Amino acid sequence: MKLPEIPKKLSIELDNEPGAYFWCACGKSKNQPYCDGSHADSGLRPIRREVDEAKKIAWCGCKNAQNKPFCNDSHRKR
Ligand code: FES
C-alpha cells in the first residue's frame, strides 16, 4: 500500500462554494488540500467530493483522517 506524504499536521479550513472538489490524497500537491496532478507516480488518486452549499470545510491536511477528505481530528493521534 502506498503511503501519502504529510503536507500539514492540522486541518486546512476553507470557505467553499458549491461545486466539485478533488482532494489531494498523495500529499504532493502544491495547492493543498486540492489535487494539482502531482500524484502521477504516487499510485494514489484524488478523492472527488461535491459541495452542495457554501460552507466552511475542514479538509484533512495530515492525510490520515478516517473519513477522508474531511478532518476528524485523526492528526491528534499521530
Ligand atoms: S496531487 Fe495529490 S492526489 Fe493529485
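A short tour of the structure in this document, coming up.

Reading guide: rules and limits
- Residues numbered from 1 in each chain as written.
- Predicted model: local features only at pLDDT ≥ 70, side-chain atom pairs only at ≥ 80, totals over all residues.
- Heavy atoms only, no water.
- Helix = DSSP H or I, 4+ residues; strand = E, 2+ residues; numbered from the N terminus.
- Buried < 20%, exposed > 50% of the residue type's maximum accessible area, 1.4 Å probe, protein only.
- Contact = heavy atoms within 4.5 Å.
- Phe/Tyr/Trp six-rings, centres within 6.5 Å; stacked < 30°, edge-to-face > 60°.

**A few points about the environment of Lys2**
Following the sequence through the fold, Lys2 ends up in the segment before β1 (12-16). Judged by relative accessible area, which is 48%, Lys2 ranks as partly exposed. For the pair formed by Lys2 and Tyr21, sequence separation is 19 residues and the distance between their alpha carbons is 22 Å. Non-local contacts of Lys2, meaning those with residues more than four positions away in its chain, are made with Ser42, Gly43 and Leu44.

**What about the packing of aromatic side chains?**
The way to describe two aromatic rings as a pair is by their centre distance and the angle between their planes. Enumeration over the complete set of coordinates arrives at 4 aromatic pairs. Aromatic pair Tyr21 and Trp59: ring centres 5.9 Å apart, planes at 50 degrees, arrangement tilted. Placement of Tyr21 in strand β2 (residues 19-23) and of Trp59 in strand β4 (residues 55-59) is noted, with a sequence separation of 38 residues between them. Both rings, one in Tyr34 and one in Trp59, keep their centres 5.8 Å apart while their planes meet at 75 degrees; by these two values the pair is edge-to-face. Taken together, the positions of Tyr34 in the loop between β2 and β3 (47-51) and Trp59 in strand β4 put the pair 25 residues apart, joining distant regions of the chain. Trp59 carries the same exposure label as Tyr34, and that label is buried. Grouping aromatic residues by their ring pairs yields a cluster made of Tyr21, Tyr34, Trp59 and Phe70.

**Regarding unusual backbone geometry**
That bond from Gln32 to Pro33 is cis: its omega, 10 degrees, falls within 30 degrees of zero. When you line up the elements, Pro33 lands in the loop between β2 and β3. Not every positive phi belongs to a glycine, and Lys63 is a case in point at roughly 65 degrees. Within the secondary structure, Lys63 is located in the segment after β4. In this structure, Asp73 takes a positive phi of about 70 degrees despite not being glycine. The residue Asp73 is located in the segment after β4 in this model.

Remember, this is a structural readout, not a statement about activity or role.
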